[in-house]
Amino acid sequence: PLAFLLTNDQFSANNVLHKIKTPTMVIHGKKDHIIPFQFGENIYQKLKSRKIFIEFSDARHLRAFSTQKNRASFLNKMERFIQDK
């Protein structure tokens, strides 16, 4: 409950998103119980660089690639993103 006293926003994504110029991939699971899905959407919307948002409807935190279907979908989208210039 006192974590706010020990942390600050110095390295907040919101402070650096406008500086990113490289192609960026945002990956987020809709069932993430650690970081709300809307945070991933917010980061994606604020990016000014070439970007892609990969959403996993059934994935929790750090479990996006837990199924073969998700892995195949991700690899397909990542390959298209890398090849698209």
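Residues numbered from 1 in each chain as written. Predicted model: local features only at pLDDT ≥ 70, side-chain atom pairs only at ≥ 80, totals over all residues. Heavy atoms only, no water.

Asker: Requested: an account of the overall build of the chain, with residues and values cited.
Answerer: Secondary structure assignment for the chain yields 4 helices and 2 strands. Walking the chain from its N terminus toward its C terminus, one meets helices and strands in the order α-α-β-α-β-α. Along the longest, intermediate and shortest principal axes, the C-alpha atoms of the chain span 45 × 30 × 15 Å. Across the 85 residues that make up the chain, the buried fraction comes to 22%. For the chain, the share of sequence-separated contacts (at least 6 apart) that also reach a separation of at least 24 residues comes to 65%. For the chain, the accessible area works out to roughly 6600 Å², and carbon and sulfur atoms hold 57% of it. Averaging the locations of the 15 positively and 7 negatively charged side chains of the chain gives two centres separated by 2 Å. (Helix = DSSP H or I, 4+ residues; strand = E, 2+ residues; numbered from the N terminus. Buried < 20%, exposed > 50% of the residue type's maximum accessible area, 1.4 Å probe, protein only. Contact = heavy atoms within 4.5 Å. Areas by Shrake-Rupley, 256 points an atom, 1.4 Å probe, with all protein chains shown as cover. Lys, Arg positive; Asp, Glu negative; His and termini not counted. Charge placed at Lys NZ, Arg CZ, Asp CG, Glu CD.)

Asker: Tell me about the nonpolar core, residues and numbers included.
Answerer: Counting 7 residues, the largest nonpolar core is built from Ile52, Ile54, Phe56, Ala59, Ala64, Phe74 and Phe81. Counting residues per element, the ones that place at least two in this core are strand S2 (51–56) and helix H4 (68–83). Not counting the four nearest positions on each side in its chain, phenylalanine 74 is found in contact with Met25, Ile27, Ile54, Phe56 and Phe65. (Core = buried A, V, L, I, M, F, W, Y, C linked by side-chain atoms within 4.5 Å.)

Asker: Just give me the short version of the environment of phenylalanine 56, but keep the residues and values in it.
Answerer: With respect to the helices and strands, phenylalanine 56 occurs in strand S2. Residue classification places phenylalanine 56 among the buried residues on the basis of a relative accessible area of 2%. For the pair phenylalanine 56 and glutamine 38, spaced 18 residues apart in sequence, the C-alpha to C-alpha distance is 13 Å. Discounting chain neighbours no more than four positions away, the residues touching phenylalanine 56 are Ile27, His28, Gly29, Lys30, Ala64, Phe65, Asn70 and Phe74.

Asker: So, the packing of aromatic side chains: which residues are in play, and what are the values?
Answerer: Here the structure, examined in full by the defined rule, presents 2 aromatic pairs. Ring centres of phenylalanine 37 and phenylalanine 53 lie 5.6 Å apart, and the angle between their planes is 85°; on these two criteria the pair is classed as edge-to-face. Residue phenylalanine 37 is found in helix H3 (residues 37–46), and its partner phenylalanine 53 is found in strand S2; the two are separated by 16 residues along the sequence. Judged by relative accessible area, phenylalanine 37 falls into the buried class, the value being 11%. Note on tyrosine 44 and phenylalanine 53: the rings are 5.5 Å apart at their centroids and 65° apart in plane angle, and the pair reads as edge-to-face. Linked through ring pairs, Phe37, Tyr44 and Phe53 together constitute an aromatic cluster. When the ring centre of phenylalanine 81 is taken as reference, the NZ or CZ atom of arginine 50 above it lies at 4.2 Å. (Phe/Tyr/Trp six-rings, centres within 6.5 Å; stacked < 30°, edge-to-face > 60°. Lys NZ or Arg CZ within 6 Å of the ring centre and 35° of its normal.)

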